[in-house]
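Geometric and topological summary
Chain residues, written in single-letter form:
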Amino acid sequence: MACSSSTSLPLHICHGNKLTMIINRSHAVLHSIAISFLIYYRAFFLFHQPTPIIIPWLLLFISELLLSFIWFLGRAYIWRPVYRTVFPERLPNDDKLPAIDVFICTTGPDKEPTIGVMNTLLSAMALDYPPDKLHVYLSDDGGYAITLHAMRESWSFARWWLPFCRRFGIKTRCPEAYFSRTENHDSDSKNPDNFMVEREKIKEQYVLFKERVRRAGQESKFKDKGVYTATDHPSCIEVMEENSKEGLLEDQTIEMPLLVYVSREKSTSQFHHFKAGAVNVLLRVSAMLSNSPYILMLDCDMYCSDPTSARQAMCFHFDPEMSPSLAFVQFPQAFRDISENDIYDSEVRSAYTILWPGLDGLKGPVLSGTNFYIKREALCCHSIKKDIDLRELKDSFGPSNEFIKSLRQDYKKPNLNDNGEASNMLLEEAKVLASCSYEDHTKWGKEVGFLYDSVAEDFLTGFVMQCKGWISSYVAPSSSSRPQFLGTSTTNLNDLLTQGTRWGSGLVDVALSRFSPLFYGSSRTSFLHSMGYAELSLFPLLYCLPLWCFATIPPLYLLNGIPLYPEVSDPYFSIFLFIFLSSLSKHLHEVVVTGRPISKWINEQRIWMIKSVTCHLYGSLDAILKKFDLRKASFLTTNKVADNEQIKLYRGGKFDFRTSTIFVAPLVTVMLVNLASIVGGVYRIMFTGTDWRKMFGQVLLSFYIIVMNYVVIEGMVLRKDKGRIPLYVNVLSIVFSLIFLSLGSIIISN
């Protein structure tokens, strides 16, 4: 299907794969039929069993229903997936392109290294876009002096870096990524000798830049910060300027994007709403200083790998048929630190190759927190016309007359280049807009900007936006092109499960809120689209409960010789076996068609089980406790500081179990329960005359759990390195498993 543009040729096309859709829908029908037979079997025989096994039978039935329900919701993704190709060379001339504000958020140098943040900032400044239409904002939520100093240094280095990238057609515009390469400097220059001379000169400047930032960072550790802290400081806004002519020829000027440091006011007496609060401050501050109609959102470790991403996004925003209702264009997250084996599924393959293209075929993908170009109008509700009551506007947007003016259709973009009274006034107004009390008694975070109802502010904001009629698009790079953005991912178990707990809590927050996709979305967006959002919001909760049940109840009854599944000769056993193999084979098919090896399928199965009994459980509990006001909202920042020892284990394909006991102990306990049960169950079959045909289903389930999670056993008894499971965790888990098996056996025997 071709998407029209203002020219005779389309700016983008979207297409689907008919064979894939036929396979997906056929599988969905067959799997649904099998599930209906399973439900009939469980429901019919539920009350025809001896009294002692009614409860476990019922628990298994409920678990199977929950898994069937979440599977049903997930069929939305595979119903009509589409893929898009863009033609940025067909865009109009640069003078007709709209301005873009780039938002980058950081919390502090402890977990987000300053040099890495500055590399992201420099890659954004170097985008292949008219520099006078590009404005880069960095939100420093902790108000750290080192971050402000590093930005000043970045501005100075950018005066060397940007001309070099433009002159030689450099494609890798993140300095660290560029200079770390040993070959293929991706220059289109016809003068290679001059290029190499310039490259060495710029590399020398980059080394000096890093040294100045590193030295300033060390000095800042010994300086007294006075009365201000990361959680209690005034707002600070600075527009970067550099009057030095070092390195420039006479009368030479360099076109530079606007670069602005923003640190919002923080107070220990105020709740600041984490990243969503920081982004809303950037929305208001940028409205004063540049007020671009489009915004690029970036995580501080996600640099611009393809400098043409802005032009790719404009291929959709310039489409006259799509643009009026298009809120944002989402790009995937790709990671430069993923190993070939990827034991933690840090790539998040299923989201960016299956889920997002599937939603794109409906009403558009989820707002994913980073790598998206969004229309400012979609976040600020609408452009303001002259006849709207001023008091009503202030109730929504706050008391700033200057900010409200920026929402008008006839508002003229401010000019900060004159350094006069007008620009000083705008900066002072921006500081007011960044105050922690500005949002009091307004609709910020409720109906305006990013919503505050969940830690998963991006997911919720995008969902509500689409329920209001907006749509979105998804653009993944082709196999032959470079990813538009590259970042770092979680490469150790502790960060993976900590991040998963935060995500799980945020998603279940949405599922339990007034914006629950099951109810809020059903009447406001398409049925399939609301199904996709419902699956995303519910999967942490609806996976952790059934998997805990399957990991404990069948093994316990296997140990005691009581069957919970049909015997092998029963026709209904084939139904259970078909559903089990059908799920595994469909997952394997998805992995293979996306170009990944079978080992990827094994890793994803393992991580799915590990997450379900750990971070999905804790995230769901966290959301439920917050729902009943038994716990305050919290935000755990993902660690982005590399640890050489952890990286070595990750590259070697070994799990690093140096994480919290609350994460490791459940894994070890589940493995011990299944090991004890399968040994005891096989002993009963071989020496006590228990019919193996009745127990085969439970033996198969425990065997599958053990085989898929052999790394836990390896970490318990075989490993000798620092990443092994500590002895005290093994002892604690043995105690837990003995208590569970003993109490369970006593209850069953009575």
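Residues numbered from 1 in each chain as written. Predicted model: local features only at pLDDT ≥ 70, side-chain atom pairs only at ≥ 80, totals over all residues. Heavy atoms only, no water.

**Thoughts on the overall build of the chain**
Along the backbone of the chain there are 24 helices and 14 strands. Relative to the 2.2 N^0.38 estimate, which gives 27 Å for 750 residues, the radius of gyration of the chain is 28 Å and therefore close to what a compact globule would have. C-alpha extents for the chain along the principal axes are approximately 95 × 60 × 55 Å. Across the 750 residues in the chain, those meeting the buried criterion constitute 56%. For the chain, the proportion of contacts with a sequence separation of at least 24, taken over those separated by at least 6, is 82%. Accessible area for the chain stands at about 32900 Å²; split by element, carbon and sulfur atoms hold 59% of it. Computed over 76 positive and 75 negative side-chain charges, the separation of the two mean positions in the chain equals 4 Å. (Helix = DSSP H or I, 4+ residues; strand = E, 2+ residues; numbered from the N terminus. Rg over C-alpha atoms; globule rule 2.2 N^0.38 Å. Buried < 20%, exposed > 50% of the residue type's maximum accessible area, 1.4 Å probe, protein only. Contact = heavy atoms within 4.5 Å. Areas by Shrake-Rupley, 256 points an atom, 1.4 Å probe, with all protein chains shown as cover. Lys, Arg positive; Asp, Glu negative; His and termini not counted. Charge placed at Lys NZ, Arg CZ, Asp CG, Glu CD.)

**Re the environment of Thr461**
Mapped onto the elements of the fold, Thr461 is located in helix H14 (residues 457–467). Since its relative accessible area comes to 3%, Thr461 is described here as buried. Measuring from C-alpha to C-alpha, the distance between Thr461 and Gly369 comes to 9.9 Å, with 92 residues separating the pair along the chain. Residue contacts for Thr461: discarding those within four places in its chain leaves Leu367, Leu379, Gly449, Phe450 and Leu451. Here the side chain of Thr461 touches Leu451 through a polar contact of 3.0 Å, landing on its backbone nitrogen. (Polar contact = N/O pair within 3.5 Å; in protein donor to acceptor, adjacent residues only side chain to side chain.)

**Remarks on the sheet that holds strand S7 (residues 258–263)**
Within a beta sheet, neighbouring strands are joined by backbone hydrogen bonds and run either parallel or antiparallel to one another. An order of S6-S7-S5-S4-S8-S12-S10-S13 is seen for the 8 strands of this open sheet, with the pairing classed as mixed. Looking at which strands have only one partner, the edges of the open sheet turn out to be strand S6 (236–239) and strand S13 (471–474). Each neighbouring strand pair of the sheet contributes to a mean axis angle of 20 degrees, computed without reference to strand direction. Pairing analysis gives 6 bridges linking strand S4 (residues 100–106) to strand S8 (residues 294–299), with the strands arranged parallel. Bridge pairing links Asp101 to Ile295 in S8. The sheet contacts of helix H9 (residues 349–360) involve strand S10 (326–330) and S13, and relative to S13 the element is tilted by about 140 degrees. (Pairing = 2+ DSSP bridges. Axes fitted to C-alpha atoms, helices over the stretch in contact; angles between N-to-C directions.)

**Side note on the UniProt feature "binding site: UDP-alpha-D-glucose" (unreviewed entry) in the chain**
Residues annotated in UniProt with the feature "binding site: UDP-alpha-D-glucose" (unreviewed entry) correspond here to Lys111, Glu112 and Asp141. Taken together, the annotated residues stretch across 31 residues yet fold into one region, lying no more than 12.9 Å apart by C-alpha. As for its position among the elements, Lys111 is in the loop between S4 and helix H3 (114–125). Of the residues examined, Lys111 reaches a relative accessible area of 38% and is grouped as partly exposed. By secondary structure assignment, the location of Asp141 is in the loop between strand S5 (134–140) and helix H4 (145–168). Beyond its immediate chain neighbours, meaning those up to four positions away, Asp141 contacts Thr106, Thr107, Ala230, His233, Arg264, Lys266, Phe274 and Ala278. (UniProt positions renumbered as here; feature names shortened; annotations may be inferred.)

**With respect to the domain arrangement of the chain**
As assigned here, the chain comprises domain 1 (18–80 + 507–749) and domain 2 (98–181 + 193–244 + 253–489). Each of domain 1 and domain 2 has a C-alpha centre, and the two are 38 Å apart. Facing the 45 residues of domain 1 at the interface are 48 residues of domain 2. Summed over the shared surface of domain 1 and domain 2, the number is 6 salt bridges. Its salt-bridge partner being Glu347, residue Arg596 comes within 2.1 Å of it at the nearest N-O pair. Summed over the shared surface of domain 1 and domain 2, the result is 13 residue pairs in polar contact (both at pLDDT 80 or more). Of all the elements in the fold, those that place two or more residues in the side of domain 1 that touches domain 2 are helix H2 (54–79), helix H15 (493–511), helix H16 (527–559), helix H17 (571–593), helix H18 (598–613) and helix H20 (644–651). Per-element tally for the side of domain 1 that touches domain 2: the top contributor is H16, with 6 residues. (Domains from an automatic or database assignment. Salt bridge = Lys/Arg side-chain N within 4 Å of Asp/Glu carboxyl O.)

**Things to note about the environment of Ser523**
In this structure, Ser523 sits in the loop between H15 and H16. Separated by 200 residues in sequence, Ser523 and Gly723 place their C-alpha atoms 50 Å apart.

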